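Architecture at a glance
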Amino acid sequence: MEGVSGTLTLQGRVRAPMAAEASPSGRLFLITGPSGVGKGTLVAALLQRHPEIWLSISTTTRAPRSGEVDGQHYFFLERAAFEAKVAQGGLLEWAEFAGNCYGTPRDPVEEQLKAGRPVLLEIELEGARQVRRSFPSGFQIFIKPPSFEELERRIRGRGTDSEEAITRRLERARVELQAESEFDAVLVNADLEKALSELEQLMGLA
Ligand code: ADP
Ligand code: 5GP
């Protein structure tokens, strides 16, 4: 992968980003990208600047990391409870990632969209593909690292994952990085401030 700093590419497949003057209300935005690329960091900064955006809280079978709060970072569930939610049709999408299940609760997303709020999902590739089918008008952004080596440095530097989890996440990252051309836009997270303003531009918030 070439280490182009701050490159923002709009893919040919889809729509242009939101015009700056257009209201993004009621629109579904989705961010994906390999683990450790900085999705969570970018999303937290985006929400600070734009509290009108509603971020979906996912449900997961992963154990909470230190500092993670149930109902705030995720809804943490046992696998049986997660499977029950799937069986009830309660998830808009779900996927297994690095040995754990993750899914987007359906009702809150539909309620927020109906209320006219911009809705943001931060999920992995398989889930993004499912959402593309159910919300073809959603705008999907792929975040990529300046290089694979930098991605590994960030996952390790974060200090939240076991060696086994890091290996699984990096293996999965190689697959995910092949999928960037499926997305409406690709954003390189090299310099954080630059990436944030590019994200705002893509979402029509700048
Ligand atoms: P993700 O949510 O994609 O798994 P995180 O947001 O947890 O990734 O970021 C992984 C690590 O990389 C964190 O330690 C974060 O502070 C760091 N990070 C995020 N963006 C950048 C950046 N642009 N430059 C350097 N480090 C970054
Ligand atoms: P983490 O364990 O690092 O919090 O998340 C691992 C991966 O799961 C990340 O790529 C994250 O975007 C993704 N993820 C988080 N929530 C969901 C979800 O609801 N559905 C799907 N498909 N992936 C999710």
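This report concerns the structure included in the present document. (Residues numbered from 1 in each chain as written. Chains lettered and ligands numbered in written order. Predicted model: local features only at pLDDT ≥ 70, side-chain atom pairs only at ≥ 80, totals over all residues. Heavy atoms only, no water.)

**Considering the side chain of E176**
Mapping E176 onto the fold places it in helix α6 (residues 163–176). Residue classification places E176 among the buried positions, given a relative accessible area of 1%. With near-sequence residues (within four places) excluded, E176 lies in contact with G33, P34, S35, F97, E124, L125 and F142. (Helix = DSSP H or I, 4+ residues; strand = E, 2+ residues; numbered from the N terminus. Buried < 20%, exposed > 50% of the residue type's maximum accessible area, 1.4 Å probe, protein only. Contact = heavy atoms within 4.5 Å.)

**Regarding the site of ligand 1**
Surveying the vicinity of ligand 1 reveals 13 residues, the closest of which are G36, G40, T41, R158 and N189. Residue G38 places a main-chain N or O atom 3.0 Å away from an oxygen atom belonging to ligand 1. Contacts to ligand 1 include L192, whose backbone N or O atom sits 3.5 Å from a nitrogen atom. Considered on its own, ligand 1 offers 570 Å² of accessible surface; in the complex 72% of this is hidden by protein. Taken atom by atom, the bulk of ligand 1 overlaps the largest pocket. Contributing elements (two or more residues each) for the shell around ligand 1: α1 (39–49) and α5 (148–158). Considering every element that reaches the shell around ligand 1, the biggest residue donor is α1, with 3 residues. Across the shell around ligand 1, the residue classes break down as 4 nonpolar, 6 polar and 3 charged. (Near = heavy atom within 4 Å. Polar contact = N/O pair within 3.5 Å; in protein donor to acceptor, adjacent residues only side chain to side chain. Areas by Shrake-Rupley, 256 points an atom, 1.4 Å probe, with all protein chains shown as cover. 1 Å grid on protein atoms, 1.4 Å probe; cavity = no way out; pocket = protein on both sides within 12 Å on 5 of 7 lines; lining within 4 Å. Sits in = over half its atoms within 2 Å of the grid points. Nonpolar A, V, L, I, M, F, W, Y, C, P; charged D, E, K, R; others polar.)

**Remarks on the packing of aromatic side chains**
Per the counting criterion, the structure on display carries 5 aromatic pairs. Pairing F97 with Y102 gives two aromatic rings, centres 6.1 Å apart and planes at 80°, and the pair type is edge-to-face. Neither F97 nor Y102 differs from the other in exposure class; each is buried. An aromatic cluster of at least three residues, connected via ring pairs, comprises Y74, F76, F97 and Y102. Its guanidinium or amino end placed over the ring of F183, R132 lies 4.8 Å from that ring's centre, counting from NZ or CZ. R174 extends its terminal NZ or CZ atom over the ring of F148, reaching a point 3.7 Å from the ring centre. (Phe/Tyr/Trp six-rings, centres within 6.5 Å; stacked < 30°, edge-to-face > 60°. Lys NZ or Arg CZ within 6 Å of the ring centre and 35° of its normal.)

**As for unusual backbone geometry**
Where the residue is not glycine, phi is negative for most of them; where a peptide bond is considered, it is trans in most cases. If you check the backbone angles, A98 has positive phi at about 50° while not being a glycine. Looking at the secondary structure, you find A98 in the loop between β6 (91–97) and β7 (100–105). Since its relative accessible area comes to 24%, A98 is described here as partly exposed.

**Side note on the site of ligand 2**
S58, R62, Y74, Y102 and E122 are the nearest of the 16 residues found near ligand 2. In the environment of ligand 2, an oxygen atom lies 3.3 Å from a nitrogen or oxygen atom belonging to the side chain of T104. Notes on ligand 2: free accessible area 510 Å², of which the protein chains cover 96%. Those elements that provide at least two residues to the shell around ligand 2 are β6 and β7. For the shell around ligand 2, the domains that each give at least three residues are domain 1 (1–53 + 117–206) and domain 2 (56–116). (Domains from an automatic or database assignment.)

**Description of the layout of surface pockets**
Considered as a void within the structure, the largest pocket measures approximately 1100 Å³ in volume. Mapped by element, the contributors of at least two residues to the lining of the largest pocket are α1, β6, β7, α5 and α6. For the lining of the largest pocket, a count of residues per class yields 14 nonpolar, 14 polar and 11 charged. (Points joined across faces, edges and corners; volume = space filled by probe spheres on them.)

**Re the sheet that holds β7**
Reading across from one edge, β5-β4-β7-β6 is the order of the 4 strands in this open sheet, with mixed pairing throughout. Every other strand in the sheet has two partners, leaving β5 (75–76) and β6 as the edge strands with one partner each. By the bridge criterion, 2 bridges tie strand β4 (residues 59–60) to β7 in an arrangement that is antiparallel. Along β7, the bridge assignment pairs T60 with Y102. (Pairing = 2+ DSSP bridges.)

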